[in-house]
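Letter by letter, the chains look like this.
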Amino acid sequence: MRRNEHIRNIAIIAHVDHGKTTLVDAMFSQCGLFREGQAVDERIMDSMDLERERGITIAAKNCAVAWQGVKVNIIDTPGHADFGGEVERALSMADGAILLVDASEGPLPQTRFVLEKTLAAGLKIVVVINKIDRQDARPEDVLDEIYDLFIDLDATDEQLEFPYLYAIGRDGVAQASPEGRGVNLHPLLDLIVDKLPAPVFDPEAPFQMLVSDLGYSDYLGRLAIGKVVNGRARHRDSLVCLGENEAQRPLKVSQLQVYDGLGLKEVESAEPGDIIVLSGIEDVAIGDTICTREFPRALKRIRVDAPTVAMRFTINTSPLAGREGKYVQSSRIRERLHRETLSNVAIQVEDTDNREVFLVKGRGEFQMAILIETMRREGFELGVGRPEVIFKYRDGEKLEPMEKLFIDCDENFLGIVTEKLSARRGQMTSMINHGSGRVRMVFSIPSRALIGYRDEFLTDTKGTGIMNSYFAGYDAYRGDFPSRYTGSIVSDRAGAAVAYALFNLEPRGQLFIEPGDPVYEGLVFGEHNRATDINANPCKEKKLTNMRAAGRDENVILSPVKPMTLERALHFIREDEMVEVTPQSIRLRKTVLAASERHRLRNRK
């Protein structure tokens, strides 16, 4: 076996908001990717609108820089466990990794998640402790915590001997110690070239490539992206693609591209270890192997963790359907969902008995919310049900997915947080109070208990609490608990909301709509103070008479309405409710719209 010393393939892994994308920006600038004085956006790698709005990485992306004659392929990975499929896919192309940790917050749950995947892949790691300029930075303590985390994750002796640097990604500096001030990122770039391994290949083996990502071009069609494991690929080569059952599909390379900076560059041939973009085949999936016809030998497929959350997607069946969206048919929704499975290995789509309802499985409700928001922006109209966890059964015992939950909050909120989590079948496993006024707690809790709790947690802690979790496997079912202690205020007729009616309904609970908003029978337009649902008329107008008296006709002043977001809607709904999603609106509704039919169903139960 040989190594291609001209290439390094590195994945950058971190918890959400630890400065990963900002550090990549600085690496681009210092590797001469931009000319002097060129106007450059911040967080260049966050190319999706949703990534820029939310400040997180959702999809793994590739780019390349050159340093000291070595090409460094950089794979930017998400830091959220809900996008774990992206992490696993990205690590299949990497030979080493940079672990980025905040100098104040230290390793957080998602750090643990991505690091566990990286260690399991056997990759060598360089640690960068970022944001050492923070006032509350504690770099030495964080380094000890990182060593503890490596030991806890059963890292090998070789992996424990990781090199480390301190950095301020925003300023583009890296240094060997936390004291003083570095000049640039050259120490980090030198460390990548010197310490992280070059890709290994067999000089005698024919061409083999593992498909780790898919793209699409209007001119070239489907694009297969992956690392060349062995051999060389050439323009116009006749190859085969091996699917899941090693079924062969012929392909001819119509174009061969490699990463060059943020873009792609067409080449005649690609060497072993390089990450290439190959066009010439339409029927290709992530995990397939592309190789020569003479030696069709499949590589190990990419395997991802099983999904833990399921949601029902259906066509919009409300009376307002078809008014705001371009795509409303079930066939369009089905096609779009199956297209998502091609590029997102963690998503699964299943047909149900009803041809207008599809069961979508994924890693978490946040991943589902991102998919729904993306479809909404593309012009789709659809209805989605409440996220439900996927149960398993072993020897007749019911098992459910569990989360390890980390809470960091002010000690004044300790009581309300523990009370709420205990009611949701959470079990506290540890609590640390350093006397600084904040408490850190760790809970073992069912995944279903966290659906709808995040918004409640922020309210209980007045927005100062920090909550993170990661999937901790399946365990015995812990019993039922109420998902919501309040009911819904449901419209009993169609029309437009009137200020007079809403003003008189405000004492009943919190409202979601404003005067003039369209309503229909079965629309949920408020949260009832009590546990039961009530039907109400939001269209009721004041009866006019010819009698007038001073002080009787004052203007109605309504309480401000908090805008309904997709995540808030998914957290709020119960099992008998769903969210109506259109490009312009997010509405809550009962699955069964007619009040009489809902009454009949309740009596049957």
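Residues numbered from 1 in each chain as written. Predicted model: local features only at pLDDT ≥ 70, side-chain atom pairs only at ≥ 80, totals over all residues. Heavy atoms only, no water.

(A) A look at the overall build of the protein. Summing up its helical and strand segments, the protein has 15 helices and 37 strands in all. The C-alpha radius of gyration of the protein comes to 27 Å, within 12% of the 25 Å expected for a compact globule of 605 residues. By the burial criterion, 54% of the 605 residues in the protein qualify as buried. Contacts in the protein between residues at least 24 apart in sequence constitute 71% of all its contacts with a sequence separation of at least 6. Total accessible area computed for the protein in this model is approximately 28,300 Å², and 47% of it derives from carbon and sulfur atoms. Of the charged side chains in the protein, 79 are positive and 92 negative; the average position of the first set lies 6 Å away from that of the second. (Helix = DSSP H or I, 4+ residues; strand = E, 2+ residues; numbered from the N terminus. Rg over C-alpha atoms; globule rule 2.2 N^0.38 Å. Buried < 20%, exposed > 50% of the residue type's maximum accessible area, 1.4 Å probe, protein only. Contact = heavy atoms within 4.5 Å. Areas by Shrake-Rupley, 256 points an atom, 1.4 Å probe, with all protein chains shown as cover. Lys, Arg positive; Asp, Glu negative; His and termini not counted. Charge placed at Lys NZ, Arg CZ, Asp CG, Glu CD.)

(B) Molecular detail of a negative patch on the surface. Where like charges cluster on the molecular surface, the negative patch consists of Glu140, Asp141, Asp144, Asp148 and Glu179. Residue placement: glutamate 179 occurs in the loop between strand E8 (173-175) and helix H7 (186-195). (Patch = residues over 30% accessible without salt bridge, like charges linked within 9 Å, V, L, I, M, F, W, Y side chains within 5 Å. Salt bridge = Lys/Arg side-chain N within 4 Å of Asp/Glu carboxyl O.)

(C) Region of interest: the nonpolar core. By size, the foremost hydrophobic cluster in this structure holds 39 residues, and its most contacted members are Leu99, Leu115, Ile125, Val127, Ile129, Ile146 and Phe150. It is helix H5 (residues 139-152) that provides the largest number of residues to this core, a total of five residues. Filtering out sequence-adjacent residues up to four positions away, isoleucine 125 remains in contact with Ala97, Leu99, Leu115, Thr118, Leu119, Phe150, Phe162, Pro163 and Leu196. Within the second largest apolar cluster, 30 residues are counted, among which are Ile315, Leu570, Val579 and Val581. (Core = buried A, V, L, I, M, F, W, Y, C linked by side-chain atoms within 4.5 Å.)

(D) Molecular detail of the packing of aromatic side chains. Scanning the model with the defined rule gives nine aromatic pairs in all. With a centroid separation of 6.0 Å and 85° between ring planes, the pair formed by tyrosine 164 and tyrosine 166 is classed as edge-to-face. Here the aromatic cluster, defined as three or more aromatic residues joined through ring pairs, consists of Tyr147, Phe150, Phe162, Tyr164 and Tyr166. Its guanidinium or amino end placed over the ring of phenylalanine 391, lysine 398 lies 4.3 Å from that ring's centre, counting from NZ or CZ. Positioned over the ring face of tyrosine 477 is lysine 398, at 4.3 Å from the centre of the ring. (Phe/Tyr/Trp six-rings, centres within 6.5 Å; stacked < 30°, edge-to-face > 60°. Lys NZ or Arg CZ within 6 Å of the ring centre and 35° of its normal.)

(E) The arrangement of the sheet that holds strand E11 (residues 221-230) in detail. Overall, antiparallel pairing links the eight strands, which are arranged E14-E13-E19-E10-E11-E18-E15-E16 in an open sheet. Looking at strand neighbours, the two that pair on one side only are strand E14 (248-252) and strand E16 (263-266), the edges of this open sheet. Each strand of the sheet is rotated relative to its neighbour by a mean of 40°, with strand direction disregarded. Sheet topology note: the strand E13 (residues 238-242)/strand E19 (residues 289-292) ladder contains four bridges and is antiparallel. For leucine 239, the partnering residue across the bridge sits in E19 and is threonine 292. (Pairing = 2+ DSSP bridges. Axes fitted to C-alpha atoms, helices over the stretch in contact; angles between N-to-C directions.)

(F) Structural view of the side chain of glutamate 580. Structurally, glutamate 580 is set in strand E36 (residues 577-581). Residue classification places glutamate 580 among the buried residues on the basis of a relative accessible area of 1%. A distance of 2.6 Å separates the side chain of glutamate 580 from the side chain of tyrosine 520, its partner in a polar contact. Excluding residues within four positions of it along the chain, glutamate 580 makes contact with Asn316, Ser318, Leu320, Leu382, Tyr520, Ser585, Ile586, Arg587 and Arg589. (Polar contact = N/O pair within 3.5 Å; in protein donor to acceptor, adjacent residues only side chain to side chain.)

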